[in-house]
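Single-letter residue listing:
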Amino acid sequence: MGKLSQILFLTASAGRVFASCAYGTHLMPRAEEGEAVPVATFGYTGITGPHNWAALDSPANNVCATGTTQSPIDMVDSVFELIDASALSIEVNDMPEGADFENLGSTVEVITQGGTLSFDNKTFELQQFHFHLPSEHLDNGTSQAMEMHMVWQSTEGEIAVIGAYINIATGAVASASVKRGLNTRSRLFQRQAEANGTAPVAGTDAPTVLLETIFSVVDQISTPGTKVKTPPLVMSEVVDLLKAGQFQAYSGSLTTPPCSEGVNWRVSTSKLSISPSSFIKARDVIGFNSRFPQNTPGQPNILMISALGAAAAAVSAVGAGAA
């Protein structure tokens with residue numbers, strides 16, 4: 001089968017793209033209790049990758065190739081508004097019984113159990129958070145090891161996403177200062193995590209306890225479509241870190257099909273950390289799942305520019321062949 005025939009066959013047979021970053025929102029409702037975990041029909045390389053997402057389900061995904069406020073982007077000063085954390089209200093429930101942790105094929109995702117985000121007189125409910133490797137947004141031109149996306153939805157159907165970069169800790173232990181900053185409830189969960197062998201010990205570097213806990217079981221969902229229950233999750237550590245920083249705000253899109261625009265992005269200046277061993281465990285399951293950086297918001301879609309360039313090259317090649 002030729003390459004063009006393969007593309008046409010895949011486009012015709014792909015159907016609606018499942019398991020995007022909007023899973024759990026009105027754009028992609030969560031599977032009913034007892035139903036199988038959906039597995040993504042898109043990917044990040046080759047024929048199912050970002051260059052061909054629009055063709056996988058047209059017209060549903062057309063904005064992936066035509067939208068002018070697509071995400072992710074390079075977070076440079078001219079493209080975002082820097083806002084203080086005090087302009088947002090963030091509350092996320094702890095999960096003392098653990099949470100469902102799913103492999104959607106496109107990412108691994110934690111299903112949350114309550115949380116609110118409020119800004120600009122709007123309130124959003126936390127639906128889930130998931131991970132990209134490496135980071136999708138660039139931090140002033142620099143890629144980070146990973147990125148966590150917390151996906152929120154308002155009663156009106158608006159989507160907001162908090163992005164948090166994740167770096168690899170240079171040491172394998174957590175700092176005593178972070179442990180001292182944990183509140184009483186967090187310390188209880190910390191002791192539980194230590195008893196389960198999921199928490200780092202005091203030292204000079206600070207892997208985020210939440211990430212260490214989550215990725216302690218990521219190898220149990222190495223197959224797309226599987227899920228596992230995490231150990232108890234303490235969200236206050238990450239919430240406190242987010243509140244201690246600032247947010248780079250801009251209006252963008254989902255970073256997966258259908259690439260819907262109008263997403264309220266808040267990329268945190270506070271960075272999370274992960275130990276080298278946990279990063280390797282996560283990498284071996286997640287693989288590569290980052291969309292390439294898009295054009296500056298408001299400028300033409302990078303795929304449209306590429307298509308025009310390819311068409312011009314094709315015309316030039318035909319002309320040269322005829323000469």
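Let us look at the structure shown here. (Residues numbered from 1 in each chain as written. Predicted model: local features only at pLDDT ≥ 70, side-chain atom pairs only at ≥ 80, totals over all residues. Heavy atoms only, no water.)

1. Some details on the overall build of the protein
Assigned secondary structure in the protein consists of 9 helices and 16 strands. Every one of the 323 residues in the protein was classed for burial, and the buried ones make up 50%. Surface summary for the protein: the accessible area is close to 14000 Å², and the carbon and sulfur share equals 55%. (Helix = DSSP H or I, 4+ residues; strand = E, 2+ residues; numbered from the N terminus. Buried < 20%, exposed > 50% of the residue type's maximum accessible area, 1.4 Å probe, protein only. Areas by Shrake-Rupley, 256 points an atom, 1.4 Å probe, with all protein chains shown as cover.)

2. Here's the deal with the packing of aromatic side chains
Across all of its chains, the model carries 9 aromatic pairs by this definition. Aromatic pair Phe129 and Phe131: ring centres 6.0 Å apart, planes at 80°, arrangement edge-to-face. Its relative accessible area of 0% is what places Phe129 among the buried residues. A relative accessible area of 0% means that Phe131 is categorised as buried. Among the aromatic side chains, those forming a connected cluster through ring pairs are Phe42, Tyr44, Trp53 and Phe288. (Phe/Tyr/Trp six-rings, centres within 6.5 Å; stacked < 30°, edge-to-face > 60°.)

3. Things to note about the pattern of salt bridges
Under the definition given, this model contains 8 salt bridges. Here Arg30 and Glu109 are joined by a salt bridge, their closest N and O atoms 2.9 Å apart. Within this pair, whereas Arg30 is found in the loop between helix H1 (3-14) and helix H2 (53-56), its partner Glu109 is found in strand S5 (residues 108-111), the two being separated by 79 residues in sequence. For Arg30, a relative accessible area of 25% gives the class partly exposed. Between Glu91 and Lys243 there is a salt bridge; the shortest N-O distance is 3.4 Å. Of this pair, Glu91 sits in strand S3 (residues 89-92) while Lys243 sits in helix H7 (residues 236-244), and the two are 152 residues apart along the sequence. Exposure remark for Glu91: the relative accessible area of 43% places this residue in the partly exposed category. Given a relative accessible area of 39%, Lys243 falls into the partly exposed group. When salt bridges that share partners are traced, they join Arg30, Glu102 and Glu109 into one network. (Salt bridge = Lys/Arg side-chain N within 4 Å of Asp/Glu carboxyl O.)

4. As for the environment of His132
Along the polypeptide, His132 turns up in strand S7 (residues 122-132). His132 has contacts with Cys21, Tyr44, Met146, Glu147, His149, Thr255, Asn289 and Ser290, leaving out every residue within four places of it along the chain. Side chain to side chain, His132 and His130 meet in a polar contact 3.3 Å long. (Contact = heavy atoms within 4.5 Å. Polar contact = N/O pair within 3.5 Å; in protein donor to acceptor, adjacent residues only side chain to side chain.)

5. Describing helix H8 (residues 276-286)
An α-helix turns once per 3.6 residues; consequently, residues spaced three or four apart project the same way. Among all positions of H8, only Ser278, Phe279, Ala282, Val285 and Ile286 are buried. Down the axis, H8 shows its buried residues gathered within 135° of arc, on one side only. With its phi angle positive at about 70°, Gly287 sits one or two positions after the end of H8. (Arc of directions from axis to C-beta.)

6. Observations regarding the pairing of strand S9 (residues 146-154)
Side chains on a regular strand alternate between the two faces of the sheet. Along S9, 9 of the 9 residues are buried, which leaves the element largely enclosed by surrounding structure. Judged by which residues are buried, S9 turns out to be covered on both faces: Met146, Met148, Met150, Trp152 and Ser154 on one side and Glu147, His149, Val151 and Gln153 on the other are all buried. Relative to S9, S7 runs antiparallel, the two sharing 8 bridges. Among the inter-strand pairings, Glu125 is bridged to a residue of S9, identified as Gln153. In terms of strand pairing, S9 meets strand S10 (residues 159-168) through 8 bridges, oriented antiparallel. Each residue of the ladder has a partner; that of Met146, found in S10, is Ile166. The turn linking S9 back onto S10 is made up of 4 residues, and Gly157 within it adopts a positive phi angle of 90°. (Pairing = 2+ DSSP bridges.)

7. Side note on the side chain of His130
Mapped onto the elements of the fold, His130 is located in strand S7. On the accessibility criterion, His130 (1% relative accessible area) is buried.

8. Structural notes on the side chain of Thr208
The topology assignment puts Thr208 in the loop between strand S12 (202-203) and helix H6 (209-215). Those residues in contact with Thr208 that sit more than four places away from it in its chain are Glu237, Val238, Leu272 and Ser273.

9. Describing the state of the cysteines
Applying the stated criterion to the full structure yields 1 disulfide. Each sulfur in the disulfide pair Cys64 and Cys259 lies 2.0 Å from the other. Taking the torsion about the sulfur-sulfur bond, which here is approximately 90°, the covalent link between Cys64 and Cys259 counts as right-handed. With Cys64 in helix H3 (residues 63-66) and Cys259 in the loop between strand S14 (246-253) and strand S15 (261-268), this pair connects stretches of sequence that are 195 residues apart. Each member of the pair, Cys64 as well as Cys259, is classed as buried. Cys21 forms no disulfide, and the closest cysteine sulfur to it belongs to Cys259, at a distance of 9.8 Å. Exposure remark for Cys21: the relative accessible area of 6% places this residue in the buried category. (Disulfide = S-S within 2.5 Å.)

10. A look at unusual backbone geometry
Cis geometry marks the peptide bond from Ser58 to Pro59, where omega comes out at 10°. Cis geometry is adopted by the peptide bond preceding Pro258, which originates at Pro257 and carries an omega value of 10°. Residue placement: Pro258 occurs in the loop between S14 and S15. Although it is not a glycine, Asn121 sits at a positive phi angle of roughly 60°. Taking the relative accessible area as the measure of exposure, Asn121 reaches 87% and is therefore exposed.

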